[in-house]
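# Remarks on the overall topology
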Amino acid sequence: MAINSIKMKINKYFSNIDKRIVFKNFIFLLILTILYSLMFNIPYLNNFNYSGPVFVLFFIVSVLRDFIIWYIAFLNRWIFAFFTIFTFTASGGLKYLYDYVHMGLNIGTFEIVFSTNMIEASGVINPTLIFLFAISALIGIIFTFIRFKYIQVKPYSNQLLIFFISIVMLIFGLIPDTYLRHEKKMQRIENLAAYGSDLEILPEKMYENFYQLIRNNIMLRYMFHQRQTIQLPDAVNNSDSDKIIVFILSDALRADHLHINGYERQTTPYMEKNNFLSFKEMYACETSTTRSVPCLLTDMRRREERYQFLNEYSIFNVFKAAGYYTSFISAQTAISTADYGQLIVANDADYIFFNNDYSIGYDKELLKHFDEVMANDNKNKLIVMQLNGSHWDYNTRFNHDEALWKPLCGSFALDCPVSHLVNSYDNTIVETDKLLNTLVEKLKDKEAIIFFSADHGQSLGEGGLRLHGHERLHIKEVGVVPFAVWFSDKAKEDNNFGIIQNNLNKIITHDAIFHSLIGCADIKTNLLDNSLNVCSKELVSVPNEFENYKAKPVK
Ligand SMILES: [Zn+2]
């Protein structure tokens, strides 16, 4: 019988297993995994003030999960030698980064390390780092020595049992992930701000980041190459005066929480004082930063395929061609694959700043880069400033002593009462409003125009939803963003200001940004479509997508 013969084979297999070898192999690997975790995972956890049970759970999870990585390397002694010595040594370097330089284990850290040249790095190399490298390498060498001298792996029939055990360990190691992830977010609010990173397990995180780094680099090179094949368009500066065109792009700001648009709370006193002209509705290109920003900064149209922006001119291309000095200044980072869209478009500008070194806390700190751009000799300037604006975590966007509405949302977004969530959110808008006022003060004596918008809106409990995300364009709270324009007195002298006043009731989309910046700056180019230009009488109102929209009840 087939079943009997299988049974016999299994019995034969188990009776042939050398239990002594299996036991010795297993204990060797277990000690290695535990020691590694104690050396590199537990100290990393120390940075996050975790509670006792989470600490223990995390340690167990790290051992259960990464046992299999060591096990696979273990099967061939030369692979083991290379893998173990390299992993320990590299982890020693990472330990230095998180213990002494307070960097997280995210892809950003890896990109910084691998983009740093040796001269810069020599400033970081000190006795502590050398000691950590040396001690880590030594432990790796000791394990390699034991593996060569005392560990017998063959016959491979023994290994099937350990492989089976390591799979079971891996499965158990993955189960508490959801819990830890949630806990991580909870803790993040309180403790992770300085790290800007996620809590991760070594060595898997290290290898995941290596993989991402290589993949991202290939992708990035490819995309940059594609972009470079675009030649600057034909564009001529039609005006003989010096113009400063500023575009402030907030994040996750919904139109209906602006007092200037009829919101009951006074969130925009300065916009009103400075006579910003506000369109009540602008439909967002998409509902996440990653997708929306490349779309709105280029001639890509709403609802086009998401990578269409790669084939389109950006506002930087056009303004550059018209003789402007162009800049992109961002309070956000551009270090993960997700940021590549905006990184590639920003790369068209002359001056680029991303907050990759976390030197910018509040958005207003971007002003030092604004001033730097303003100091450039070229009198015509395009300045695009990307804020963190009203993006979660709201509480990190403003000084709590100056908060107008309290209590604030005290815990993770999915937990706090909606009224607290809204308090926190509305306080972020006040902060952005203040920043707009500072810019007005800086620009009021020049010929300047400020455009103001956001990449997408935000759910604040409607239908039980919070935050934002893909495929929410049909949700008004997320899909509708503000669009407002300010003219300095000198800029008002041309008649565009009057034209915009007459256009305010028209419904526009993110597509209008590219054409309005160009159109209002009086740049002549055949790329300009006046049906999308708020400074043109020809501006066309798009159909109302929310005519009978009723927000879902808040919960
Ligand atoms: Zn965003």
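Above this text is the structure in question.
Right, let's walk through the structure included here. (Residues numbered from 1 in each chain as written. Predicted model: local features only at pLDDT ≥ 70, side-chain atom pairs only at ≥ 80, totals over all residues. Heavy atoms only, no water.)

Moving on, we come to the overall build of the chain. Counting its regular elements, the chain contains 20 helices and 12 strands. Residue pairs at least 24 apart in sequence account for 79% of intrachain contacts in the chain once pairs closer than 6 positions are excluded. (Helix = DSSP H or I, 4+ residues; strand = E, 2+ residues; numbered from the N terminus. Contact = heavy atoms within 4.5 Å.)

Take unusual backbone geometry next. Peptide bonds are, in most cases, trans, and in most cases residues other than glycine have a negative phi. The omega angle of the peptide bond from L202 to P203 is 0°, so this bond is cis rather than trans. Here P203 shows up in the loop between α9 (177-191) and α10 (204-228). Of note, the amide linkage connecting K406 to P407 takes the cis form, showing an omega dihedral of 0°. Take P407: it is sitting in the loop between β6 (381-386) and α16 (418-443). A positive phi angle, close to 60°, is found at A252, a residue other than glycine. Structurally, the position occupied by A252 is in the loop between β2 (244-250) and α11 (269-273).

Before going further, it helps to examine helix α19 (residues 496-503). Within α19, burial applies to N496, F497, I499, I500 and N503. An end-on view of α19 places all buried positions within 160° of arc, on one side of the element. Looking at the buried residues of α19, the elements they touch are β3 (277-283), β10 (480-487), α18 (489-492) and α20 (511-520). (Buried < 20%, exposed > 50% of the residue type's maximum accessible area, 1.4 Å probe, protein only. Arc of directions from axis to C-beta.)

Quick look at the coordination of the zinc ion now. Coordination of the zinc ion by the protein is provided by D251 (OD), D251 (OD), T289 (OG1), D455 (OD) and H456 (NE2), with metal-donor distances spanning 1.8 to 2.8 Å. When the donors of the zinc ion are listed by position in the chain, the intervening gaps give D-x37-T-x165-D-H. Of this pair, T289 sits in helix α12 (residues 289-296) while D455 sits in the loop between β7 (448-454) and β8 (459-460), placing them 166 residues apart in sequence. (Donors = N, O, S within 2.8 Å, 3.2 Å for Na, K, Ca; no water.)

What follows concerns the packing of helix α2 (residues 19-45) against helix α4 (residues 77-99). It is the contact of α2 with α4, at a shortest axis distance of 9 Å, that shows an interaxial angle of 20°. Considering the angle they form, α2 stands roughly parallel to α4. Of the two elements, α2 crosses α4, and the hand of that crossing is left-handed. The residues of α4 that touch α2, namely those facing F28, L32, Y36, M39, F40, P43 and Y44, are F80, T87, F88, S91, G92, K95, Y98 and D99. Looking at the contact of α2 with α4, its residues break down into 10 nonpolar, three polar and two charged. (Axes fitted to C-alpha atoms, helices over the stretch in contact; angles between N-to-C directions. Parallel < 35°, antiparallel > 145°, perpendicular 65-115°, else oblique. Left-handed = near helix turned anticlockwise from the far one by under 90°. Nonpolar A, V, L, I, M, F, W, Y, C, P; charged D, E, K, R; others polar.)

Core analysis: the largest hydrophobic core is formed by 101 residues, its most contacted members being L297, F319, I450 and I500. Counting residues per element, this core draws most heavily on α16, which supplies 10 residues. Contact partners of I450, with chain neighbours within four places excluded, come to V246, I248, F276, L436, L439, V440, L443, A484, V485 and W486. Core analysis: the next-biggest nonpolar cluster, separate from the first, contains 37 residues, I17, F80, V153 and F210 among them. (Core = buried A, V, L, I, M, F, W, Y, C linked by side-chain atoms within 4.5 Å.)

Quick look at the pairing of β10 now. Counting buried positions over the eight residues of β10 gives eight, a clear majority of the element. Neither face of β10 is left uncovered, since the one carrying V480, P482, A484 and W486 and the one carrying V481, F483, V485 and F487 both have all their residues buried. Pairing of β7 with β10 involves five bridges; the strand directions are antiparallel. What sits directly across from S453, in β10, is F483. (Pairing = 2+ DSSP bridges.)

In the structure shown here, the tally under the stated rule is 27 aromatic pairs. Judged by centre distance (6.3 Å) and plane angle (85°), the ring pair of F74 and F80 falls under edge-to-face. Of the two residues examined, F74 and F80, each falls in the buried class. Here the aromatic rings of F83 and Y207 are separated by 5.3 Å at their centres, their planes lie at 20°, and the arrangement is stacked. You can see F83 sitting in helix α4 and its partner Y207 sitting in helix α10, a full 124 residues away along the chain. Take F83: its relative accessible area is 14%, and that puts it in the buried class. One cation-aromatic arrangement involves R147 over F74; the distance from NZ or CZ to the ring centre is 5.1 Å. (Phe/Tyr/Trp six-rings, centres within 6.5 Å; stacked < 30°, edge-to-face > 60°. Lys NZ or Arg CZ within 6 Å of the ring centre and 35° of its normal.)

A word on the environment of P482. Considering the arrangement of structural elements, one finds P482 in strand β10. What makes P482 buried here is its relative accessible area of 1%. Between the C-alpha atoms of P482 and F452, which are 30 residues apart in sequence, the distance is 7.4 Å.

Moving on, we get to the pairing of β3. Where burial is concerned, most of β3 is hidden: six out of the seven residues are buried. Direction of pairing for β3 relative to β10: antiparallel, over a ladder of five bridges. Directly across from S278, in β10, lies its bridge partner A484. Inspection of the sheet shows β3 paired to strand β11 (residues 508-509) by two bridges, in the parallel sense. Note that in β11 the partner of M282 across the bridge is I508.

In short, shape yes, function no, at least from these values alone.
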